[in-house]
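Residue-level structure breakdown
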Amino acid sequence: MGKLIYLDNAATTKTSPTVVEAMLPYFSEFYGNASSIYSIGAKSKEAINKSRAAIAATLGARPEEIYFTAGGSEADNWALKATAEAYGAKGKHIITTKIEHHAILHTCEYLEKNGYDITYVDVDENGTVKLDQLEKAIRPDTILISVMFANNEIGTIQPIREIGEIAKKHGVLFHTDAVQAYGQLPINVDEYHIDMLSSSGHKLNGPKGIGFLYIRKGVKIRSFVHGGAQERKRRAGTENVPGIVGYAKAVEEAFATMQERTAKEAELRDYLIDRVLREIPYTRLNGHRTNRLPNNANFSFQFIEGESLLIMLDMEGICGSSGSACTSGSLDPSHVLLAIGLPHEIAHGSLRLTLGADTTKEDLDFVVEKISGIVERLRSMSPLYEDFVKKLQKNG
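Thresholds, definitions, all that
- Here the residue numbering is sequential within each chain, running from 1 through the sequence in written order.
- At least 70 in pLDDT is required for a residue's local features to be given in this predicted model, at least 80 for side-chain atom pairs to be given and counted, and no such filter applies to totals for whole chains, interfaces and linings, which use all residues.
- Values shown for side chains rest on all heavy atoms present in the structure; no hydrogens or waters enter the calculation.
- Secondary structure is summarised from DSSP: a helix means a run of H or I of at least four residues, a strand means a run of E of at least two, and numbering begins at the N terminus for each.
- When we talk radius of gyration, it's over C-alpha atoms, and the globule rule is simply 2.2 Å times the number of residues to the 0.38.
- Buried means the residue's accessible area, taken with a 1.4 Å probe over protein chains only, is under 20% of the maximum for its type, while exposed means over 50%, and partly exposed covers the values in between.
- Two residues form a contact once any of their heavy atoms are found within 4.5 Å.
- Values of accessible area rely on a 1.4 Å probe in the Shrake-Rupley scheme; residue burial ignores everything except the protein chains shown.
- Asp and Glu are treated as the negative residues and Lys and Arg as the positive ones, with His and the ends of the chain left uncounted.
- Here the site of a charge means atom NZ of a Lys, CZ of an Arg, CG of an Asp or CD of a Glu.
- Two strands qualify as a pair provided DSSP detects at least 2 bridges between them.
- Each axis is a line fitted through C-alpha atoms, taken for helices only over the stretch in contact, and angles between the N-to-C directions span 0 to 180 degrees.
- Stacked, edge-to-face and tilted labels apply to pairs of Phe, Tyr and Trp rings (six-membered ring for Trp) whose centres lie within 6.5 Å, assigned for plane angles under 30 degrees, over 60, and everything in between, in that order.
- Any Lys NZ or Arg CZ that is within 6 Å of a ring centre and within 35 degrees of that ring's normal is treated as a charge sitting over the ring.
- Here, nonpolar core refers to any group of buried Ala, Val, Leu, Ile, Met, Phe, Trp, Tyr and Cys residues whose side-chain atoms link them within 4.5 Å.
- By definition here, a helix of n residues has an expected span of 1.5 Å times n minus one.
- Take a side-chain nitrogen of Lys or Arg and a carboxyl oxygen of Asp or Glu: if they are within 4 Å of each other, that pair is a salt bridge.

For the protein, the helix and strand inventory stands at 14 helices and 12 strands. The C-alpha atoms of the protein give 22 Å as radius of gyration, which agrees with the globular expectation for 396 residues (21 Å, within 12%). Dimensions of the protein, computed from the C-alpha atoms along their principal axes, are close to 80 × 50 × 35 Å. In the protein, buried positions account for 55% of the 396 residues. For the protein, contacts bridging at least 24 residues in sequence account for 73% of all contacts bridging at least 6. Working note: accessible area of the protein is about 17,400 Å², and carbon and sulfur atoms make up 53% of it. Computing the positive centroid from 45 side-chain charges and the negative centroid from 50, the protein places the two 4 Å apart.

Pasting the structure below:
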């Protein structure tokens, strides 16, 4: 195998060398527990406070509104479960969408089993939330709206500002899963009327095992982990100081390069999309053509299985995905692709490619060439494609 071409940055990203460098002293030199009173512990506490303030500034938030977690899934669980518990006396109705990450959907299933009523709002063929349906779903007992900022599979960016305005107008809390969007898109929690926001470090060249939940001051949300006074008594457990420091460093780098980096990614993304759609017949782009994450391209190829395509791409040194990394072992088609109206047989033939800062045009030329050849080979073995071609010839 020659060069590795990694195009699965929505699943995880390579930790930046400068992030690793920033973390190292907090493993072996400044290793004190941040809750202790001696100086080596104070050094850890100082690093946490500095990191919290730096992250808060990128959102237009206050440092005390940032709560560190073990990742995006924990932050999503916390936002939904603790809100349900804290506001259960007001009502037991929550609104979300059919295309959320499973960290949201499975938490909603859990809440349904515990007496809560969940409304799953539809999306259009591009994966955009239907705002009229969302607003009509609000009831007197609605306590929370949770809509992801941008979809992890098809990249569509949601009308978050409008959703936030609807939630505020009706006095309903608004949470957004921004795991894919944070570091890729500018976000201001006040401008978008966001009450809670989830993020994860390893999606923007930071370490795994660290994330945060932004909780607006005044939101009556309960503790998620009990057993200590960490995170202002809301999330007990000794702080992951190296992770927090690394996350803050990754955030610093991501926001410093955001404009130039995302412009380059979007240009390469569009080049990839144009070539694939032009050169490989019976292919469709999933998600909004322009209003999508700058690094995301998601295709469906008729008459093939996505898993076979992934395996053969891997043999060529190309890393991609057929959907969410959290469900990569599942044989079921993507719930996101089904929600935008794709039939099962087309949803099964999907490929998600997510670019990174190191992706080059030459990489994409090689990838398109390999995809084209593999798709042609797989179709040549497909009885469905054979029948399709015969019908075309007959009708032609």
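There's more to say after this.
On to the sheet that holds strand 9 (residues 283–285), then. Ordered by their spatial adjacency, 3 strands build an open sheet running 9-10-12, and the pairing between neighbours is antiparallel. The open sheet has two edge strands with one neighbour each: strand 9 and strand 12 (350–354). In this sheet, neighbouring strand axes are inclined to one another by 25° on average, regardless of whether the strands run parallel or antiparallel.

A separate point is the packing of aromatic side chains. Tallied over the entire structure, the rule returns 13 aromatic pairs. Ring centres of Tyr182 and Phe255 lie 5.2 Å apart, and the angle between their planes is 55°; on these two criteria the pair is classed as tilted. With a gap of 73 residues between them, Tyr182 in the loop between strand 6 (173–177) and strand 7 (196–200) and Phe255 in helix 9 (residues 241–279) connect regions that are remote in the sequence. For Tyr182, a relative accessible area of 2% corresponds to the buried category. Judged by relative accessible area, which is 25%, Phe255 ranks as partly exposed. Feature note: the residues Tyr182, Phe212, Tyr247 and Phe255 constitute an aromatic cluster, connected by ring pairs. If you follow Lys220 out to its NZ or CZ, it ends over the ring of Tyr87, 5.1 Å from the centre.

Turning our attention to the nonpolar core. Ranked by size, the top nonpolar core spans 57 residues in total, and within it Ile145, Phe149, Ile194 and Phe212 carry the most contacts. Within the residue set of this core, elements represented by two or more residues are helix 3 (39–59), strand 2 (66–69), helix 6 (131–137), helix 7 (160–169), strand 8 (211–215), helix 9, helix 11 (335–339) and helix 12 (344–347). In terms of residue count, helix 9 provides more of this core than any other element does, 7 residues in total. Not counting the four nearest positions on each side in its chain, Ile145 is found in contact with Ile95, Leu134, Ile138, Ile163, Ala167, Val172, Leu173, Phe174 and His175. Among the nonpolar cores identified, the runner-up in size contains 27 residues, and Leu351, Leu353, Val375 and Leu378 belong to it.

Quick look at helix 4 (residues 72–87) now. Between its first and last C-alpha, helix 4 extends 22 Å over 16 residues, near the 22 Å set by a 1.5 Å rise per residue. Most of helix 4 sits inside the fold, with 13 of its 16 residues counted as buried.

Scanning the entire structure with this criterion turns up 22 salt bridges. Among the ionic pairs, Arg139 bridges to Asp117, the shortest N-O distance being 2.7 Å. Of this pair, Arg139 sits in the loop between helix 6 and strand 5 (142–146) while Asp117 sits in strand 4 (residues 117–121), and the two are 22 residues apart along the sequence. Given a relative accessible area of 30%, Arg139 falls into the partly exposed group. Linking Asp270 and Arg269 is a salt bridge whose minimum nitrogen-to-oxygen distance equals 3.0 Å. Residue Asp270 is classed as partly exposed on the basis of its relative accessible area, which comes to 25%. Classification of Arg269 by relative accessible area gives buried; the value is 5%. One salt-bridge network, held together by shared partners, links Arg269, Asp270, Asp274 and Arg289.

Purely geometric stuff here, so don't read any function into it on its own.
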